[in-house]
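A look at the structure
Now for the letters of each chain:
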Amino acid sequence: ALLIMVCVSSQGKERISFRISYNTNSLKMGDINNWIESYNESWNDYSSLNNGNLQGELFPLDYSNNFEFSLRTPIYEGFALNISGGQSSAAEEGDITFQSLSGDQKEAVYLKNQTQALMIKLGFSYNFQLPFYPKLYVVTQLGRYIVFNKYIVTENKESYFSSFGRDFIYKNEKEADYRSEALGIYASIGFEFELIQYIAFILEAEKLWASADGYKGSFSQSILENIDGNITKQEESGKETLYFYKTTMANLENYYFVLNGHKKRPDDPNICDLRQGELDFGGIAIKFGIRFKF
């Protein structure tokens, strides 16, 4: 890389430049999608064991493509300071319904996951002209970025049982809002093609490394029990921490991943591999954009 830098001429014509780019993301989700995949698996196992019909599916998250804005200030001979920022979001909802063949048992779950990530980047770049094509520049970047993340989850469960002439209805509705931050590293390489003197087309590939844990937030929960018309209802709200672990479910023998908030660190003999919930913001982004030089 040093040999290439020496052999080609580096020119920075602008005093400052502004870039807008469209990013095709492949950012990971970490524990959210691991939990959703395991959640689907547990329902399939439950349906097979209890001889019933299962309908629906819970869907994993995928960050949508987004726009990023950047300012570049040349320092010396191709070296420049870069400040940029952008926001990505993802949301999915799904439901699953299980009904026994006898008709005396029905269970349903509705799950909605939403997450928003604001990324602010600060780093340095080096750009140089290709000697055989003066209008084409190679640009490399390296820097740090901070992610401000919000994660909202809504999970509603409903169960109906009929046994010995008695009807049992159970409803559990919970919504929680968690927040955390992460500090990461990014590196990129790309090309800038000068369309005219002060406008260039950008094509760039970027690699990111970051993960966030320590999610804390508020929740509200409503639990209703109805036994032959005798209704009891409980409301609860407060602060909690997001945890990720493995545990058994219902009468199943296997262990399944769970991402859930708790007021205190869970202390249950059926729980193993307990740690704080973690979201991954690493991945690769391909960017297309326009740079305006001033």
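Residues numbered from 1 in each chain as written. Predicted model: local features only at pLDDT ≥ 70, side-chain atom pairs only at ≥ 80, totals over all residues. Heavy atoms only, no water.

**Notes on the overall build of the protein**
Across its full length, the protein carries two helices and 15 strands. The C-alpha radius of gyration of the protein comes to 26 Å, more than 25% above the 19 Å expected for a compact globule of 294 residues. In terms of its C-alpha atoms, the protein occupies a principal-axis envelope of roughly 85 × 35 × 30 Å. Counted over contacts in the protein with a minimum sequence separation of 6, partners at least 24 positions apart contribute 72%. For the protein, the accessible area works out to roughly 15,900 Å², and carbon and sulfur atoms hold 55% of it. Side-chain charges in the protein split into 28 positive and 37 negative, and the spacing between the mean points of these groups amounts to 10 Å. (Helix = DSSP H or I, 4+ residues; strand = E, 2+ residues; numbered from the N terminus. Rg over C-alpha atoms; globule rule 2.2 N^0.38 Å. Contact = heavy atoms within 4.5 Å. Areas by Shrake-Rupley, 256 points an atom, 1.4 Å probe, with all protein chains shown as cover. Lys, Arg positive; Asp, Glu negative; His and termini not counted. Charge placed at Lys NZ, Arg CZ, Asp CG, Glu CD.)

**Things to note about the layout of surface pockets**
In this structure, the largest pocket encloses a volume near 820 Å³. Around the largest pocket, the lining is made up of 29 residues, and of these Tyr39, Glu155, Lys157, Met249 and Val258 lie nearest the centre. For the lining of the largest pocket, the secondary-structure elements that each account for two or more residues are helix 2 (31-50), strand 5 (105-130), strand 6 (133-163), strand 7 (166-196), strand 11 (230-247) and strand 12 (256-262). With five residues, the top contributor of residues to the lining of the largest pocket is helix 2. Class assignment for the residues of the lining of the largest pocket results in 15 nonpolar, eight polar and six charged. (1 Å grid on protein atoms, 1.4 Å probe; cavity = no way out; pocket = protein on both sides within 12 Å on 5 of 7 lines; lining within 4 Å. Points joined across faces, edges and corners; volume = space filled by probe spheres on them. Nonpolar A, V, L, I, M, F, W, Y, C, P; charged D, E, K, R; others polar.)

**A word on the confidence of the model for the protein**
Confidence in the prediction for the protein averages 90 pLDDT; 96% of positions are at 70 or higher. Confidence drops under a pLDDT of 50 for residues 1-12, and excluding neighbours within four residues, the segment shows 15 contacts in the predicted structure. (pLDDT = per-residue confidence, 0-100.)

**Notes on the environment of Leu242**
Relative to the helices and strands, Leu242 is located in strand 11. A relative accessible area of 1% means that Leu242 is categorised as buried. Leave out the neighbours within four places in its chain, and Leu242 touches Tyr151, Tyr178, Tyr215, Leu259, Asn260, Gly261, Gln276 and Gly277. (Buried < 20%, exposed > 50% of the residue type's maximum accessible area, 1.4 Å probe, protein only.)

**Remarks on the pattern of salt bridges**
Overall, the coordinates contain 17 salt bridges when judged by the stated rule. Asp228 is the salt-bridge partner of Arg166, the closest N and O atoms lying 3.2 Å from each other. With Arg166 in strand 7 and Asp228 in the loop between strand 10 (216-227) and strand 11, this pair connects stretches of sequence that are 62 residues apart. Assessed through its relative accessible area of 40%, Arg166 is described here as partly exposed. Across the salt bridge formed by Glu236 and Lys263, the nearest N and O atoms sit 3.0 Å from each other. Here Glu236 is found in strand 11, whereas its partner Lys263 is found in the loop between strand 12 and strand 13 (271-276), with 27 residues between them in sequence. A cluster of three or more residues bridged by salt bridges with shared partners is formed by Arg19, Glu68, Lys121, Glu204, Glu206 and Lys287. (Salt bridge = Lys/Arg side-chain N within 4 Å of Asp/Glu carboxyl O.)

**Some details on the nonpolar core**
Generally speaking, nonpolar side chains in soluble globular proteins are found buried as a group. The biggest cluster of nonpolar side chains holds 44 residues, and the ones touching the most others in it are Trp35, Tyr145, Tyr151 and Phe281. Looking at this core, the elements with two or more residues in it are helix 2, strand 4 (79-100), strand 5, strand 6, strand 7, strand 11, strand 12 and strand 13. In terms of residue count, the dominant contributor to this core is helix 2 (six residues). Core analysis: the second largest hydrophobic core is formed by five residues, Tyr126, Phe128, Leu130 and Leu136 among them. (Core = buried A, V, L, I, M, F, W, Y, C linked by side-chain atoms within 4.5 Å.)

**Regarding the packing of aromatic side chains**
A complete count under the given rule lists twelve aromatic pairs for this structure. Seen from their ring centres, Tyr151 and Tyr178 are 6.1 Å apart, and the 25° between their planes marks the pair as stacked. You can see Tyr151 sitting in strand 6 and its partner Tyr178 sitting in strand 7, a full 27 residues away along the chain. You can call Tyr151 buried: its relative accessible area is 1%. Since its relative accessible area comes to 1%, Tyr178 is described here as buried. Through successive ring pairs, a cluster of aromatic residues spans Trp43, Tyr46 and Phe98. In this structure, Lys121 is placed above the aromatic ring of Tyr186, and the distance from its NZ or CZ to the ring centre is 5.4 Å. In this structure, Lys174 is placed above the aromatic ring of Phe219, and the distance from its NZ or CZ to the ring centre is 5.3 Å. (Phe/Tyr/Trp six-rings, centres within 6.5 Å; stacked < 30°, edge-to-face > 60°. Lys NZ or Arg CZ within 6 Å of the ring centre and 35° of its normal.)

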